[in-house]
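Structural description and commentary
Each chain, letter by letter, is given below.
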Amino acid sequence: MAILRSIYQKDKEYIFKSFDNNKNENPAKVIFKRFPFSDESFPVANQKSILESPIAKGFDNSQKSREQLVEHIIGVMIDNISANRINFELFIRECIEGFEQLVYNDKEIKTVSDFLELPQSAIQKIALELYLYSRTEDEFTTEEKKI
C-alpha cells in the first residue's frame, strides 16, 4: 500500500516580491481564495480554427472568396496569439480573495476591485508573479506501508 505524503504545499497567504515588497518590514500579502486547476489558463480569447469557419467551408476560389479567406486567416491568427496571453483580470477575480497591508497613494488596497484600480503596469507585474506562484505545483511523495 502506498501512502501519499505532502512535501510542499502552496500557502494561501503569499508575500509577493514585486517592487521589493518582501524586503519591507511589514510586507503586503495576497490572500488566495483558490489556486487554478492544472488545465485552467485564463486566456484573453479562445483558440479558433480556420477550417471550421463558414468562410473556409464556403470557399469557391473566386477573387472575393480568396480575399475573405485571407482576411479571415489574419483575424484568426491575431485571435489565436491573444488566446495564448493571460487574462490577468479574470485570474485575479477568480483566484484572489483580497490583500493585506497594501497601500497605494495613501489608499489601502483590500479588495480585488481596489487592486484592479492600480496603474496597469503595477497590476501586470504583481499579477504575473501571483499567476506564476499559483501555477507552482505542490510536491508529494509516496511511502510503502508495510502490512
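The structure contained in this document is the topic of the report that follows. Please read all numbers here as calculations on a predicted model, not as lab measurements.

The antiparallel open sheet is built from 3 strands, whose spatial order is E2-E3-E4. A strand with exactly one partner marks an edge of an open sheet, and here the two such strands are strand E2 (13-14) and strand E4 (96-100). Sheet strands in contact with helix H5 (residues 120-135) are E2, strand E3 (29-32) and E4, and its direction is about 50° off that of E3.

Ring pairs (aromatic) are described by centroid distance and by the angle formed between their planes. Going through the model one piece at a time under the given rule, you end up with 7 aromatic pairs. Ring centres of phenylalanine 88 and tyrosine 131 lie 6.5 Å apart, and the angle between their planes is 80°; this geometry places the pair in the edge-to-face category. Taken together, the residues phenylalanine 88 in helix H3 (residues 88-95) and tyrosine 131 in helix H5 connect sequence positions 43 residues apart. Neither phenylalanine 88 nor tyrosine 131 differs from the other in exposure class; each is buried. Seen in terms of ring centroids, phenylalanine 99 and phenylalanine 115 are 4.7 Å apart; in terms of plane orientation they differ by 15°. Their pairing is stacked. Taken together, the residues phenylalanine 99 in strand E4 and phenylalanine 115 in helix H4 (residues 112-115) connect sequence positions 16 residues apart. Phenylalanine 115 sits in the buried class, given a relative accessible area of 0%. By the ring-pair criterion, three or more aromatic residues cluster together here, those being Tyr14, Phe32, Phe35 and Tyr133.

Rules used throughout
Residues numbered from 1 in each chain as written. Predicted model: local features only at pLDDT ≥ 70, side-chain atom pairs only at ≥ 80, totals over all residues. Heavy atoms only, no water. Pairing = 2+ DSSP bridges. Helix = DSSP H or I, 4+ residues; strand = E, 2+ residues; numbered from the N terminus. Contact = heavy atoms within 4.5 Å. Axes fitted to C-alpha atoms, helices over the stretch in contact; angles between N-to-C directions. Phe/Tyr/Trp six-rings, centres within 6.5 Å; stacked < 30°, edge-to-face > 60°. Buried < 20%, exposed > 50% of the residue type's maximum accessible area, 1.4 Å probe, protein only.

The values are spatial; any link to function lies outside them.
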